[in-house]
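Overview (structure and organization)
One letter stands for each residue in the lines below.
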Amino acid sequence: MYSTDSLHAGVVEVIVGQDARCRFTSIQNWAKDIYNLATKRAIARRGALMEWIGGNMGSHVTMGYPSVHLSEPGARAEILSLSLAGSGQHQDAGTKILHAAENTTSQVVSKSISRGGGRSTFRSQIQVQRGAAGSKSHVVCDSLILDPHSRCDTYPELDVAELDAEVSHEATVSKIAREKLFYLMCRGISESEASEMIVSGFVEPLAKELPLCYAQQLNELIRLQMNAAVG
């Protein structure tokens, strides 16, 4: 914690050459009085693959929208993110992908958890330019709200100028079902442990893509957050 509100403004720029693959992974757990503004952008050449994998746990406000410019045929983008917003936090995250060439593909999976009055926001902008025939994009946004005081918002934007393209977006909002808690607690598991297990299952698609050391840190951060939420 700092004595006054502070700002982190980071910039990451990646150029992925022909038929190359780049995976950039980051987990941020800034102090609760940090404003985190993250700029991440990439260009993918012919046949290249760019992967952004990220987790937002800390900070007072986070604004980060990793982008990929699919500039040549066959380029691909995959984005997987997790946001956990607690009391006094606003995790504002998303993505921007530009399909500027033929047969380019993108896949976005975003998961968010809101608790203790926290707010999670997902913003996505998918653009398919005229002439980018055969482009495909699929965006999935799943949100988990742990109490009635928290909030989640989704703002998708699809801008398609090419007839021969497939673009889709789906979003779900759910909460921890009392039936699931009851089922686990009937087997001798405490409420906090049961909640942790359910949340761990929710974030498993992200955790399995992380290096082992990152996955362990992520699970520990979620456990600490859940303990604070349950008390």
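Please refer to the structure higher up on the page.
So, a few notes on the structure that sits alongside this text. (Residues numbered from 1 in each chain as written. Predicted model: local features only at pLDDT ≥ 70, side-chain atom pairs only at ≥ 80, totals over all residues. Heavy atoms only, no water.)

1. Focus: the environment of M50
- Turning to its location among the elements, M50 is positioned in strand β4 (residues 49–56).
- Linking M50 and F24, residues 26 residues apart in sequence, is a C-alpha distance of 8.2 Å.
- For M50, the contacting residues outside a window of four places in its chain are V14, V16, C22, F24, A42, V68, R76, A77 and E78. (Helix = DSSP H or I, 4+ residues; strand = E, 2+ residues; numbered from the N terminus. Contact = heavy atoms within 4.5 Å.)

2. A few points about the environment of C152
- As for its position among the elements, C152 is in strand β12 (residues 151–160).
- Spatially, the C-alpha atoms of C152 and D92 are 9.7 Å apart, while their sequence positions differ by 60 residues.
- Among residues more than four places away in sequence, those in contact with C152 are S114, S120, S143, I145 and V173.

3. A few points about the side chain of N56
- The topology assignment puts N56 in strand β4.
- On the basis of relative accessible area, N56 is assigned to the buried category, the value being 15%. (Buried < 20%, exposed > 50% of the residue type's maximum accessible area, 1.4 Å probe, protein only.)

4. A few points about the nonpolar core
- Counting 22 residues, the largest nonpolar core has M57, L82, I113, L144, I176, L206 and L218 as the members making the most contacts within it.
- Within the residue set of this core, elements represented by two or more residues are β7 (76–85), β9 (105–114), α1 (178–185), α2 (191–207) and α3 (212–230).
- Looking at this core element by element, the count peaks at seven residues for α2.
- If you look at the next biggest cluster of nonpolar residues, it comprises 19 residues, including W52, A75, I79 and V108. (Core = buried A, V, L, I, M, F, W, Y, C linked by side-chain atoms within 4.5 Å.)

5. Here we look at the pairing of strand β8 (residues 90–99)
- A large share of β8 lies buried, amounting to nine of its ten residues.
- In the sheet, strand β5 (residues 61–64) pairs with β8 via four bridges, with the strands oriented parallel. The residue of β8 that forms the bridge with V61 is H90.
- In the sheet, strand β6 (residues 67–70) pairs with β8 via four bridges, with the strands oriented parallel. (Pairing = 2+ DSSP bridges.)

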